[in-house]
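Structural description and commentary
Take a look at the letters that make up each chain.
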Amino acid sequence: MKLDVKIKICDEDPVLGPGLVRLLEFIEQKGSMKEACQQMGMSYSKGWKIINRAEALLKEELIVRFHGGTKGGKCGVTPKGLSLIERFNKMQKEMQSYGNKLFETYFTEYCE
């Protein structure tokens, strides 16, 4: 067995978690909200809902939108969004490491 730590940063409801971070990572990689949503297996409208809600709660733009014509638009992650991805992933990694140590302390008999 092993410990799996998942972080959610909340106000009254979750504001920042692994789902939002993965969506931002895919937007950065693909340059497209549509392709990022497809990669995650979610609807396009749900992707926009997640981004719009996070931007409203964080009071920060996380993505930049480039409206397109016949070929469609593009999206990119803002410097603030990139910083958020980096900090969240670093914190996740550190929390997992700390959690693993605690797991070994309290549940030695279940460690691999």
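Predicted model only: the values in this text are computed from it and were never measured.

It is worth spelling out the overall build of the chain at this point. Summing up its helical and strand segments, the chain has 4 helices and 4 strands in all. Traced from its N-terminal end to its C-terminal end, the chain shows the element sequence β-β-α-α-α-β-β-α. Burial statistics for the chain: of 112 residues in total, 32% are counted as buried. Long-range pairs, those at least 24 residues apart, make up 50% of the contacts in the chain between residues at least 6 apart in sequence. Put simply, the chain shows about 8,000 Å² of open surface, and 53% of that area lies on carbon and sulfur atoms. Across the chain, the mean location of the 18 positive side-chain charges is 6 Å away from that of the 15 negative side-chain charges.

In this structure the tally under the stated criterion is 3 salt bridges. The partner of Lys 6 in a salt bridge is Asp 4, and the shortest N-O contact between them spans 2.7 Å. Under the relative-accessibility criterion, Asp 4 is labelled exposed at 52%. Of the charged contacts in the structure, one is a salt bridge between Arg 65 and Glu 55, with a shortest N-O distance of 2.8 Å. Of this pair, Arg 65 sits in strand S3 (residues 63-66) while Glu 55 sits in helix H3 (residues 44-58), placing them 10 residues apart in sequence. Here Arg 65 falls in the partly exposed class, since its relative accessible area comes to 29%.

Applying the stated criterion across every chain, the model contains 3 aromatic pairs. Through a chain of ring-to-ring contacts, the aromatic side chains of Phe 103, Phe 107 and Tyr 110 assemble into a single cluster.

Basis of the calculations
Residues numbered from 1 in each chain as written. Predicted model: local features only at pLDDT ≥ 70, side-chain atom pairs only at ≥ 80, totals over all residues. Heavy atoms only, no water. Helix = DSSP H or I, 4+ residues; strand = E, 2+ residues; numbered from the N terminus. Buried < 20%, exposed > 50% of the residue type's maximum accessible area, 1.4 Å probe, protein only. Contact = heavy atoms within 4.5 Å. Areas by Shrake-Rupley, 256 points an atom, 1.4 Å probe, with all protein chains shown as cover. Lys, Arg positive; Asp, Glu negative; His and termini not counted. Charge placed at Lys NZ, Arg CZ, Asp CG, Glu CD. Salt bridge = Lys/Arg side-chain N within 4 Å of Asp/Glu carboxyl O. Phe/Tyr/Trp six-rings, centres within 6.5 Å; stacked < 30°, edge-to-face > 60°.

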